[in-house]
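Results of the structural survey
What follows is each chain in one-letter form.
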Amino acid sequence: METFVPSLLNGVIYGLLLFMLSSGLTLIFSMMGVLNFAHASFYMLGAYFAYTITQSTNFWFALILAPILAGLVGAGVEKWGLRKVHANGHVAELLFTFGLAYLIDEIVKIIWGRNAVNYRIPEALDFTIFRLYGSDYPAYRIFMLFVAISMLVALWFLLKKTRAGLIIQAALTHPHMVGHLGHNVPRIFMTVFGAGCALAGLAGVIGGNYLVTEPSMAVLMGPIVFVVVVVGGMGSLEGAFIASILLGLLQTLAISVDTTFGEIFGFLGLSGTSEVGSISIASLAPMIPFLMLVLILMIRPRGLMGDREF
Amino acid sequence: MTDITQKYANLAPTTAQKFRQRVLPFLALAVVLAIIPMSGPSGTAYTLLNVMGINIVFALSYNMLLGRGGLLSFGHAVYFGLGGFAAVHAMDAIGSAESGFWANYPIFFLPVIGFAGGALAGAVIGWPSCKRAGTPFAMISLGIAELIAAAGLMFGSIFGGEEGVTGDRMVGHEVFGLSLGPTSEVYWFIAFWTFVGVAGMFAFTRTPLGKLSEATRDNPERVEFIGYNPTRVRYLVFIFAGAFAGLSGGMAAVNYEIFTPEALSLVPSGLVLLMAYIGGIRYFTGPILGAILLTYMQSMLSDFTEAWLLYLGLLFICIVMFAPGGLAGVLYGFTDALRAGKLGEVIGRWAGQAIGSALALFGMIILVEVAVHWSNGFGETFEPYGLHLTFGNPLTWVLIVVPVVAGIVILRRLANTEEGVIA
């Protein structure tokens, strides 16, 4: 129990962080059909913006300003870049975002250096909130939980209860019809793209100091976000939510399991010292998302909750 | 009426055309490959040429998927790597064999092992991947690449862990009197296999399967109507693409004498995508140009500037946005206009575009270089021609802003007049 409960809590928090990242991508993907390769780069930009802002002011300014900045960059990218490429088809769009991810990586390296920056948890939140089975549980993780859940509620409210949300939902499935009704569809696209990037930026602000703020954070996170979107299914925020939590739990719990294949399959005669037998479940944790991706695409291409195949 | 009564025989290319289009380029390639050593290249030049040969075959094999088959793969290095590992292990087997098959197998023909290894990997991995085209294919290739790269570090007996697997190319029988010791002798090995690879892949485009793969790319539904299974076509093309990637892996195994799990990762997969796309995926020669340019940039430009990856990214984005045909597209546009005798009409616009791009590039280079020197924090500054350029120097900003703005104004004006002509 003493490892299981904290892992469970950590898994949920990691899952919510993943959801914050992937909710924007799911919206963008189902609306425009583009899997934005650079989405995790906006997560990285959010963390770096927050770092720079905390240098001169404090964390709370960063929490508000950095996602807005990341969102503005995203909107600019959509307006001046992606929209031009759109005419050349989905592959060109995918390649454009692929190149953009490259570019943002390099620009970040030039501006902030190649090593990790010292972006820290604010002092006001740097204390132990409660003790769990004898080990301290940091307050910042509970704060992350709080931010993620408030964002989840806000997003749900915006999409399901407001007029803007109604139009966005309609544009997800029937962009042409929405255009015929007199809405400016390119501007809706730009807004959603910007908002999605802002959400990624927010994930960067609260995740950058929990994990590490370094130039490789986008490359590490990017493919996992893809997995969430594909596993969750096209056009489904619920699916993305389930997939995020599932992935968060699986990865966190797998890391805490030291059991090796040799111990599990020992009855089949697999020795614990052989090469396959010595592989532990914990060392497989980084592979779990990709195994899920490949399996889902093979068995159920529309994802867990998707309403259509992509 | 003349169009309709035209005989089919008239539509076929004449023998002279066939020779000019299908044989002459390869004769030229063979001559170029044979002439290069006569100019007495240095050791570094040989090393560079060898890497170019490997990358040419690798990029062409990638284009069998992306350009010809319309399949965007993010994990093509998997087949390069697996073919390469097969070749390195075969190299070790040749080195340690006293008798039997391996003792008689010359190192020179190792790429054949790589070819087989790549084909085998393609046949196994292609089965689940090729059911769908488009984004699902791209995602599966990404997932499989991540899985194989992770497995590469896990199974030390096959992939040698972080240090990789090493071999020695100076073992076994010599063929064509090549000991394969010095890089100049490796050059002949690489040149031979580059020629075989390029010719083989060109021949593939002429086969019914090659034609069908293009048809499947353009309209899978109609391919089904004429009685072919698109999934099967994709699968077969995938196997061949993997095989030729394995061939280049075998060439790399002999050239470097080492293979590490790094070769399976997403980084080389991304690089080969850049090579093929920058060169131009719609033309057979495109990836060759891209491979030559990127290999050159990788080894030469990285000596001049640390930001070469940034320039590479910029080049790629510009190609995606403004020249989807790639470098080959630009080149062929030029020669087509020359042949049609319309050069006079378009040359003015092209000259304007070239000047505009050059100006914008000039400003960007200054911005990037000043930024790179500033970010290093060694107190060094960018000092071209004795100028002392820092962000505090107003001259820097003049040199950045004026050319970039001027370049963009020229390019926009040209784009507007072009639209005006069409409208």
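Residues numbered from 1 in each chain as written. Chains lettered and ligands numbered in written order. Predicted model: local features only at pLDDT ≥ 70, side-chain atom pairs only at ≥ 80, totals over all residues. Heavy atoms only, no water.

**Here's the deal with the overall build of chain A**
Selection criterion: Numbered from the N terminus, helices here are DSSP runs of H or I no shorter than four residues, and strands are runs of E no shorter than two. For the radius of gyration, the atoms used are the C-alpha atoms, and the globule rule reads 2.2 Å times the number of residues raised to 0.38. Accessibility here uses a 1.4 Å probe with only protein chains present; expressed as a share of the type maximum, an area under 20% marks a residue as buried, one over 50% as exposed, and anything in between as partly exposed. Whether two residues are in contact is decided by their heavy atoms, any of which lying within 4.5 Å being enough. Values of accessible area rely on a 1.4 Å probe in the Shrake-Rupley scheme; residue burial ignores everything except the protein chains shown. For the charge count, each Lys or Arg is scored as positive and each Asp or Glu as negative, with His and the chain ends excluded. Note on charges: their place is set at NZ of Lys, CZ of Arg, CG of Asp or CD of Glu.
Each helix and strand in chain A was counted, giving 13 helices and two strands. The C-alpha radius of gyration computed for chain A amounts to 20 Å, which stays within 12% of the reference 19 Å derived for 310 residues, consistent with globular compactness. Overall, the C-alpha framework of chain A stretches about 65 × 50 × 40 Å when taken along its three principal axes. Counting every position in chain A, which comprises 310 residues, the buried fraction comes to 55%. A sequence separation of at least 24 residues applies to 74% of the contacts in chain A between residues at least 6 apart. Of the accessible surface of chain A, which amounts to about 13,600 Å², a share of 68% is contributed by carbon and sulfur atoms. Placing the 15 positive and 15 negative side-chain charges of chain A at their respective mean positions leaves the two points 15 Å apart.

**A few points about a nonpolar patch on the surface**
Under the convention used in this document: By definition, no residue in a patch forms a salt bridge, and every one has over 30% relative accessible area; like charges are joined within 9 Å, nonpolar side chains (Val, Leu, Ile, Met, Phe, Trp, Tyr) within 5 Å. Salt bridges are counted wherever a side-chain nitrogen of Lys or Arg sits within 4 Å of a carboxyl oxygen of Asp or Glu.
Taken together, Ile-242, Leu-246, Leu-250, Leu-304 and Met-305 of chain A make up a surface patch of nonpolar side chains, about 380 Å² in accessible area. With respect to the element layout, Met-305 of chain A can be found in the segment after helix H13 (288-299).

**Topic: the packing of H13 of chain A against helix H8 (residues 134-154) of chain B**
Which entries qualify depends on this criterion: Lines fitted to C-alpha atoms define the axes here, with helix axes fitted over just the stretch in contact, and angles between the N-to-C directions of these axes take values from 0 to 180 degrees. By convention the crossing between two helices is left-handed if the near helix lies anticlockwise of the far one by an angle smaller than a right angle, and right-handed if it lies clockwise. Each residue gets one of three labels, nonpolar for Ala, Val, Leu, Ile, Met, Phe, Trp, Tyr, Cys and Pro, charged for Asp, Glu, Lys and Arg, and polar for the others, Gly among them.
Here H13 of chain A crosses H8 of chain B at 145°, and the two axes come no closer than 8 Å. With respect to the hand of their crossing, H13 of chain A and H8 of chain B are arranged in left-handed fashion. Contacts from Phe-290, Leu-291, Leu-293, Val-294 and Leu-297 of chain A of H13 of chain A reach H8 of chain B at Pro-136, Met-139, Ile-140, Gly-143, Ile-144, Glu-146 and Leu-147 of chain B. Split into classes, the residues belonging to the contact of H13 of chain A with H8 of chain B amount to 10 nonpolar, one polar and one charged.

**A few points about the pairing of strand S2 (residues 135-138) of chain A**
Residue and element names in this part refer to chain A. We count it as follows: By the convention used here, strands pair only if DSSP detects at least 2 bridges between them.
Pairing of strand S1 (residues 128-132) with S2, which is carried by four bridges, proceeds in the antiparallel orientation. Residue Phe-130 lies in a different strand from S2, and its bridge partner there is Tyr-137. The hairpin formed by S1 and S2 contains two residues between the paired strands, and Tyr-133 there has a positive phi angle of roughly 50°.

**Quick notes on helix H3 (residues 15-35) of chain B**
Condition: A helix is expected to span 1.5 Å for every residue after the first. One axis fitted to the seven residues ending at a residue, another fitted to the seven starting there: the angle between these axes is the bend at that residue.
The first and last C-alpha atoms of H3 of chain B sit 28 Å apart over 21 residues, in line with the 30 Å expected at 1.5 Å per residue. Along H3 of chain B, the sharpest change in direction is near 40° and occurs at Val-23 of chain B; proline Pro-25 of chain B comes one to four residues later.

**Looking at the side chain of Ser-213 of chain B**
All names here are of chain B. Heads up, the condition is: Under this definition, polar contacts are N or O atom pairs within 3.5 Å; protein pairs additionally need one hydrogen-donor-capable and one acceptor-capable atom, and for neighbouring residues in sequence, both atoms have to be side-chain atoms.
With respect to the helices and strands, the residue Ser-213 is situated in helix H11 (residues 208-218). The exposure class assigned to Ser-213 is buried, which follows from its relative accessible area of 3%. A polar atom in the side chain of Ser-213 sits 3.4 Å from the backbone oxygen of Arg-68. Setting aside residues no more than four positions away along its own chain, Ser-213 makes contact with Arg-68, Gly-69, Val-233 and Val-237.

**With respect to the interface of chain A and chain B**
Short version of the rule: By definition, the buried area sums, over both parts, the 1.4 Å-probe accessible area that each loses when the two are put together.
Contacts between the two partners involve 41 residues from chain A and, on the opposite side, 42 residues from chain B. For the pair chain A and chain B, the two sides together bury roughly 3,600 Å², of which 81% comes from carbon and sulfur. Put simply, chain A and chain B have zero salt bridges between them. Inspection of the chain A/chain B interface yields zero residue pairs in polar contact (both at pLDDT 80 or more). Looking at the side of chain A that touches chain B, the elements that each hand over two or more residues are helix H3 (59-85), helix H4 (90-112), helix H9 (217-232), helix H12 (281-284) and H13 of chain A.

**Topic: the packing of aromatic side chains**
Centre-to-centre distance and the angle between the planes together describe a pair of aromatic rings. Inclusion rule: Ring pairs are drawn from Phe, Tyr and Trp, using the six-membered ring of Trp, whenever the two centres fall within 6.5 Å, and their geometry is named by plane angle: stacked under 30 degrees, edge-to-face over 60, tilted for the rest.
Using the criterion set out here, one finds 36 aromatic pairs over all chains in the structure. Ring centres of Tyr-187 of chain B and Trp-188 of chain B lie 5.5 Å apart, and the angle between their planes is 75°; this geometry places the pair in the edge-to-face category. In this structure Tyr-187 of chain B comes out as buried when scored by relative accessible area, which is 3%. On the basis of an interplanar angle of 75° and a centroid distance of 5.2 Å, the ring pair of Phe-202 of chain B and Phe-284 of chain B is categorised as edge-to-face. With Phe-202 of chain B in helix H10 (residues 183-206) and Phe-284 of chain B in the loop between helix H14 (266-279) and helix H15 (286-304), this residue pair connects regions lying 82 residues apart in the sequence. Like Phe-284 of chain B, Phe-202 of chain B is buried. Taken together, Phe-37, Phe-98, Tyr-102 and Phe-226 of chain A together with Phe-74, Tyr-277 and Phe-316 of chain B form an aromatic cluster joined through their ring pairs.

**Side note on unusual backbone geometry**
Residues and elements named next belong to chain B. At Glu-257, a position not held by glycine, the phi torsion is positive, near 60°. Tracing the chain through its elements places Glu-257 in the loop between helix H13 (230-256) and strand S2 (258-259). Classification of Glu-257 by relative accessible area gives partly exposed; the value is 22%.

**Quick word on H3 of chain A**
All names here are of chain A. For H3, spanning 27 residues, the distance from its first C-alpha to its last is 37 Å, which sits close to the expected 39 Å at 1.5 Å a residue. Its maximal kink placed at Glu-78, H3 deviates by approximately 40°. Structurally, the start of H3 carries an N-cap: the backbone nitrogen of Trp-60 is 3.0 Å from a side-chain oxygen of Asn-58.

**Regarding the confidence of the model for chain A**
Here is the rule: pLDDT runs from 0 to 100 and stands for how confident the predictor is about each residue.
Across chain A, the average pLDDT comes to 84, with 96% of residues at 70 or higher. When pLDDT is averaged over each element of chain A, helix H2 (residues 39-56) of chain A comes out on top at 91 and helix H11 (residues 261-264) of chain A at the bottom at 72.

**A few points about the environment of Leu-153 of chain B**
Residue and element names in this part refer to chain B. In this structure, Leu-153 sits in helix H8. A sequence separation of 13 residues divides Leu-153 from Ile-140, and the C-alpha atoms of the two residues are 20 Å apart. Those residues in contact with Leu-153 that lie beyond four places of it in its chain are Glu-162 and Pro-261.

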